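Close look at the chain arrangement
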Amino acid sequence: MRGYSFEMLRGMGPVSTALWGLSTGRLPWGDGHHAAYADVWSRTGGVLAICEDLPELHNQVTLDPVLTDSNGIPAPKIQYRLSENSQRMLAHGTARGEEVLRAAGAAWTRVESPLRVAGWHLMGTARMGTDPERSVVNEWGRSHDVRNLFVIDGSIFVTAAAVNPTCTIQALALYVADTIKKNLSNLFE
Ligand SMILES: Cc1cc2nc3c(=O)[nH]c(=O)nc-3n(C[C@H](O)[C@H](O)[C@H](O)COP(=O)(O)OP(=O)(O)OC[C@H]3O[C@@H](n4cnc5c(N)ncnc54)[C@H](O)[C@@H]3O)c2cc1C
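Residues numbered from 1 in each chain as written. Predicted model: local features only at pLDDT ≥ 70, side-chain atom pairs only at ≥ 80, totals over all residues.

A closer look at the overall build of the protein chain
We apply this condition: Under the DSSP-based scheme used, a helix requires at least four consecutive residues in state H or I and a strand at least two consecutive residues in state E, with every element numbered from the N terminus. For a compact globule the rule gives 2.2 Å times the number of residues to the power 0.38, and the radius of gyration it is set against comes from C-alpha atoms.
For the protein chain, the helix and strand inventory stands at four helices and four strands. Mapped in sequence order, the helices and strands of the protein chain form the string β-α-α-β-β-β-α-α. For the protein chain, whose C-alpha radius of gyration is 22 Å, the value lies well above the compact-globule estimate of 16 Å for 189 residues. Considering only C-alpha atoms, the protein chain reaches an extent of 75 × 40 × 30 Å along its principal axes.

What follows is the structure in structure tokens.
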């Protein structure tokens with residue numbers, strides 16, 4: 001269900017290439033090191049698949065019953081596992097990504113999935129919608145339950161989207177601010 005976008009990545013700088021080479025075993029120490037480095041330095045590229053992780057009940061942010069911050073405020077407790085749908089999307093995306101790289105002439109490919117260093121886009125914890133039973137804020141970011149509370153960030157998305165979200169978060173911020181301004185005279189009615 002749904003899908004993913006591709007992000008094409010250029011090669012890495014010299015230090016990143018060295019660190020990546022060591023961590024993946026692509027750059028051995030010893031006699032062959034320089035030749036192996038020359039083989040990959042400035043000659044690597046990547047394809048990143050950003051999947052549209054859907055809202056799923058088993059993924060939750062709740063308040064930790066024990067852990068608090070220095071002010072005694074409960075810490076967020078995050079429960080997350082990849083659903084079968086997300087795993088299948090990742091598998092499909094990485095297979096197509098390898099195909100693209102091979103078609104472009106790649107001599108060696110390697111799949112890292114999920115990409116732990118990139119992490120996840122944590123979104124949708126206060127999702128937008130017209131139905132108070134199924135969403136936290138309305139179509140312009142106002143809480144269904146608390147009329148003078150507006151939420152303007154990545155949490156009002158309804159899925160994790162299949163793209164980097166920051167530009168859309170900024171657009172939503174402008175949209176919600178404009179709507180507040182337009183409705184200023186009767187904002188809390
Ligand atoms: C590893 C990684 C790489 C990413 N790369 C990209 C990318 O290349 N492009 C892209 O578009 N997106 C990227 N993202 C996603 C993007 O960073 C987030 O989606 C975006 O920053 C979310 O914005 P936000 O305003 O919702 O939340 P945040 O940016 O997390 O802002 C929330 C703010 O609230 C503050 N806060 C929390 N609790 C309190 C409190 N009690 N009182 C006061 N302040 C509080 C926090 O300190 C924080 O400053 C990446 C995310 C990760 C984790």
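Moving on from the model shown.
What about the pairing of strand S4 (residues 74-79)?
Cut-off, in case you're wondering: At least two bridges found by DSSP between two strands are what make those strands a pair.
Pairing geometry for strand S3 (residues 60-68) and S4, over five bridges, is antiparallel. Note that in S4 the partner of threonine 68 across the bridge is proline 74. Hairpin remark: S3 followed by S4, antiparallel, with five residues in the connecting loop; positive phi at glycine 72, about 85 degrees.

A word on the site of the ligand
Selection rule: The rule is simple: place the C-beta atom from the backbone, and if it lies within 6 Å of a molecule or strand, the residue is near it. Under the grouping applied here, Gly and all other residues not named as nonpolar or charged are polar, the nonpolar ones being Ala, Val, Leu, Ile, Met, Phe, Trp, Tyr, Cys and Pro and the charged ones Asp, Glu, Lys and Arg.
Taken together, Ala118, Gly119, His121, Asp153, Gly154, Ser155, Asn164, Pro165, Thr166 and Ile169 make up all the residues around the ligand. Grouping the constituent residues of the shell around the ligand by class yields three nonpolar, six polar and one charged.

Overview of the environment of valine 158
Inspection of the secondary structure puts valine 158 in the loop between helix H3 (84-103) and helix H4 (166-182). Spatially, the C-alpha atom of valine 158 lies 21 Å from that of isoleucine 180, the residues being 22 residues apart in sequence.

Some details on the domain arrangement of the protein chain
Stated precisely, the cut-off is as follows: Marked domain ranges trace back to an automatic or database domain assignment. Contacts here follow a simple rule: the backbone-placed C-beta atoms of the two residues must lie within 7 Å.
The assigned domain composition of the protein chain is domain 1 (1-54 + 83-120) and domain 2 (121-181). Put simply, the middle of domain 1 and the middle of domain 2, counted by C-alpha atoms, are 33 Å apart. With 10 residues of domain 1 at the interface, the matching set in domain 2 holds eight residues. Those elements that place two or more of their residues in the side of domain 1 that touches domain 2 are strand S1 (4-9) and strand S2 (46-51).

Considerations on the nonpolar core
Convention followed: Only buried residues count toward a nonpolar core: Ala, Val, Leu, Ile, Met, Phe, Trp, Tyr and Cys, linked into one set through C-beta atoms within 7 Å. Our exposure labels follow a C-beta count within 10 Å of each residue's own C-beta, placed from the backbone: buried means 20 or more other C-beta atoms, exposed means 12 or fewer, and partly exposed covers the counts in between.
Counting nine residues, the largest nonpolar core is built from Met123, Met128, Val137, Ile156, Phe157, Ala160, Ala161, Leu172 and Val176. Membership of the second largest hydrophobic core comes to five residues, among which are Tyr4, Ala49, Ile50 and Met89.

Side note on unusual backbone geometry
That bond from serine 113 to proline 114 is cis: its omega, -5 degrees, falls within 30 degrees of zero. Looking at the secondary structure, you find proline 114 in the loop between H3 and H4. Of note, the phi angle at arginine 2 is positive, near 60 degrees, even though the residue is not glycine. Checked against the element boundaries, arginine 2 lands in the segment before S1.

Focus: the environment of methionine 89
Among the secondary structure elements, methionine 89 is positioned in helix H3. Along the sequence, methionine 89 and cysteine 51 sit 38 residues apart, while their C-alpha atoms lie 6.6 Å from each other. In contact with methionine 89, other than residues within four places in its own chain, are Gly3, Tyr4 and Cys51.

Re the environment of arginine 43
Among the structural elements, arginine 43 can be located in the loop between helix H2 (33-40) and S2. The class of arginine 43 is exposed, set by 11 C-beta atoms lying within 10 Å. Sequence spacing of arginine 43 and glycine 105 is 62 residues, and the spatial spacing of their C-alpha atoms is 11 Å.

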